[in-house]
Amino acid sequence: MSLAKGLLTKACCASFASFAPLRELQKLGCMITSVVSFISYFESVRRRTLNYFNTIPPEQLEWRPKPGEFTCGDIIRHLAAAEQMYVGLVVEGRWIYPGHEADADSPVSLEATLAACNASHMAAMERLRQLPDSVLEEMRPPLGDGPPIKVWRWLLLLAEHEIHHRSQLAMYLTLLDVTPPHIYGMGVEEVIARATG
Ligand code: NI
């Protein structure tokens, strides 16, 4: 399973391609100082993502807002695949997107989809955990044209990409008449009530 370019056709994945600001990023130092600290941060991101996954009505797993868009299940599988891709880039220095399509002949349940996603996540974090902290300052190439950037920056893009699709799923849930979870357990009304000085 390879050839990422052909599969990454969504505009959402534009961050995988090159863009001018990458040249500026080459000059920056390291914001994340250890692999373990990144894993800890990303685990907190993933925990919040799971809150959204667990709100999907099981019977709506393969619902999509219109033809050609991701289904809810596609979003779960895409995030698992993207995580594998980014971690593969960090570990091996090459881009391989393993795909996110459901098996049309044997559709799986939400429970099984989440179990596969969790297993993939644990394996990816274990791969990262084996790396020395010095890897964060190493360069990795972009998918398209442009200069390489440092590993810690790629890892932040992994998180940013996940947050992007989490928001997409939140909108799906709204369209399905499901109230999405609050990101930090507090709605905007409560934030306004507490943060009025
Ligand atoms: Ni994407």
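Criteria and thresholds
- Residues numbered from 1 in each chain as written.
- Predicted model: local features only at pLDDT ≥ 70, side-chain atom pairs only at ≥ 80, totals over all residues.
- Helix = DSSP H or I, 4+ residues; strand = E, 2+ residues; numbered from the N terminus.
- Buried ≥ 20, exposed ≤ 12 C-beta atoms within 10 Å, placed from the backbone.
- Contact = placed C-beta atoms within 7 Å.
- pLDDT = per-residue confidence, 0-100.
- Expected span 1.5 Å × (residues − 1).
- Core = buried A, V, L, I, M, F, W, Y, C linked by C-beta atoms within 7 Å.

Topic: unusual backbone geometry
Phi at Asp177 takes a positive value of approximately 65°, unusual for a residue other than glycine. Summarising the element assignment, Asp177 is placed in the loop between helix 6 (151-175) and helix 7 (188-194). On the neighbour-count criterion, Asp177 (7 C-beta atoms within 10 Å) is exposed.

As for the environment of Val90
By the element assignment, Val90 lies in helix 4 (residues 72-92). You can call Val90 buried: it has 23 C-beta atoms within 10 Å. Residues Val90 and Trp152 lie 62 residues apart in sequence; the distance between their C-alpha atoms is 9.1 Å. Setting aside anything within four residues of it in sequence, one finds Val90 in contact with Leu128, Val135, Arg140, Val151, Trp154 and Leu155.

Quick look at the confidence of the model for the protein chain
Residues at a pLDDT of 70 or more form 82% of the protein chain, whose mean pLDDT is 86. By mean pLDDT, helix 1 (residues 4-7) is the weakest element of the protein chain at 38, and strand 1 (residues 139-140) is the strongest at 98. Segment residues 1-20: pLDDT under 50, and 26 contacts once partners within four positions in sequence are set aside and those in other chains are kept.

As for helix 4
Along an α-helix, residues three or four apart share an orientation, since each turn contains 3.6 residues. For helix 4, with 21 residues, the first-to-last C-alpha span of 30 Å sits near the 30 Å given by 1.5 Å per residue. Most of helix 4 is tucked away: 18 of the 21 residues are buried. A positive backbone phi angle near 80° is found at Gly93, which sits one or two residues after helix 4.

What to know about the nonpolar core
Membership of the largest hydrophobic core comes to 33 residues, with the highest contact counts inside it found for Cys72, Ile76, Met85, Tyr86, Val90, Trp154 and Leu155. Secondary-structure elements contributing two or more residues to this core are helix 3 (35-53), helix 4, helix 5 (110-129) and helix 6. At 12 residues, helix 4 tops the list of elements feeding residues into this core. Apart from residues lying up to four places away in sequence, Tyr86 is in contact with Trp154 and Leu158.

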